[in-house]
Amino acid sequence: MTSRRNFVKLSALGSLFSFNAFSTFGKNTPILPSKEPVVISTWNHGIMANKKAWEILSAGGTALDAVEKGVMEVENDPTGASVGIGGRPDREGRVTLDACIMDEKSRCGSVGFLQDIKNPVAVARKIMEETPHIMLVGEGAKQFALEQGFKEENLLTQESEKAWKEWLKESKYKPVINVENHDTIGMLALDSNGNLSGSCTTSGAAYKLHGRLGDSPIIGSGLFVDNEIGAACATGLGEAVIRVAGSHLVVELMRQGHEPEEACKLAVDRIISKHENMEGLQVGFLALRKDGKYGGYSVYNGFNYAVANKQINNELVDTKFDRSW
Ligand code: ASP
């Protein structure tokens, strides 16, 4: 006799298999959705962000809360020169921030060219939850943030101002992508309900043209989540990532059956195929699949990410890469 308990178990299995059938993974490998929480995030500062995110995930919290609160740790750190307060300004000395967030229901929010508000990822979440829109930029985004109770503050620290003034001496216009282990933070998480979310936040390329947006606030470029398949995020030269809709591409490659690392590598290959001059063009991708498998890949050496789950206590992993500097 099938007890009610067994029936519930069988129904749960049934939904797993209907997930597989629906997801059409190209290589026909059965991929079972996981409910073991895991979080990955870009660069060394991923450790600080994962610590917060893991507190939330390990207590049964949602991936959405984890990816928002996790990256806010880095936004709040004035010593980080590429995210939130302390982020490098544009060529006019103004710190302008970009961020986005996406959840398991494909809800998303994004903010670009935001000034004087240090937590753009939280503003992006408010846009997602409180407005009928996905993206707000500039003055309108700031006005919305102030109405939502965010505090106005000066984000240009003394160190950033000093570095900018140094740069002004030559003012060579070349978007400077940080490659020394501090850059955009992108975070992907899977929670104990088996749901995926992601976030991405940055001050963008240092000394960029005033008004420039990179990939980080663009859903599908800097970040993409499809709860049936997986999630991906990007860091590096935003213009190159936008050109191939990088994070969306990585998720679609996983949908076709590629392993997370392989999907990131193929997206890197695509970027390489679209650029004649790859000098200094660093891009790194991270991917987290619905079954909890994850990976990353970059154009050049030097990209790493932090991982936390039940087995791995927040450790850094160096990605494989196409070429060396
Ligand atoms: N992807 C970011 C941008 O282009 C910057 C970075 O990750 O370095 O704005």
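Residues numbered from 1 in each chain as written. Predicted model: local features only at pLDDT ≥ 70, side-chain atom pairs only at ≥ 80, totals over all residues. Heavy atoms only, no water.

**What to know about helix α5 (residues 138–147)**
Phase 1 of the analysis: Turning to α5, its buried residues number three or more, namely Gly138, Ala141, Lys142, Phe144 and Ala145. The buried residues of α5 occupy an angular sector of 160° when projected down its axis, which confines them to one face. Opposite the buried face of α5, by more than 90 degrees, sit the exposed residues Glu139 and Glu147.
Phase 2 of the analysis: Packed against the buried residues of α5 are β3 (108–114), α4 (120–130) and β4 (135–137).
Phase 3 of the analysis: Looking at the residues trailing α5, positive phi occurs at Gly149, about 95°. (Buried < 20%, exposed > 50% of the residue type's maximum accessible area, 1.4 Å probe, protein only. Helix = DSSP H or I, 4+ residues; strand = E, 2+ residues; numbered from the N terminus. Arc of directions from axis to C-beta. Contact = heavy atoms within 4.5 Å.)

**Examining the confidence of the model for the protein chain**
Phase 1 of the analysis: When the pLDDT values of the protein chain are averaged, the result is 90; 88% of them are 70 or greater.
Phase 2 of the analysis: Within the model, the stretch residues 1–22 combines pLDDT values under 50 with 15 contacts to residues more than four positions away or in other chains. (pLDDT = per-residue confidence, 0-100.)

**Considering the site of the ligand**
Phase 1 of the analysis: Around the ligand lies a shell of 12 residues, among which Asp183, Thr184, Arg212, Asp215 and Gly236 are the nearest.
Phase 2 of the analysis: In this structure, Thr184 approaches the ligand through a side-chain N or O atom, which is 2.5 Å from an oxygen atom.
Phase 3 of the analysis: Protein chains bury 99% of the 270 Å² of accessible surface belonging to the ligand in isolation.
Phase 4 of the analysis: Tallied by class, the residues present in the shell around the ligand amount to 2 nonpolar, 7 polar and 3 charged. (Near = heavy atom within 4 Å. Polar contact = N/O pair within 3.5 Å; in protein donor to acceptor, adjacent residues only side chain to side chain. Areas by Shrake-Rupley, 256 points an atom, 1.4 Å probe, with all protein chains shown as cover. Nonpolar A, V, L, I, M, F, W, Y, C, P; charged D, E, K, R; others polar.)

**Topic: the side chain of Ser221**
Phase 1 of the analysis: Residue position: Ser221 is located in the loop between β6 (196–202) and β7 (223–226).
Phase 2 of the analysis: By relative accessible area, which is 4% here, Ser221 ends up buried.
Phase 3 of the analysis: Sequence-distant contacts of Ser221, that is, excluding residues within four places in its chain, are made with Asp215, Ala234, Val241, Ile242, Ala245, Gly246 and Ser247.

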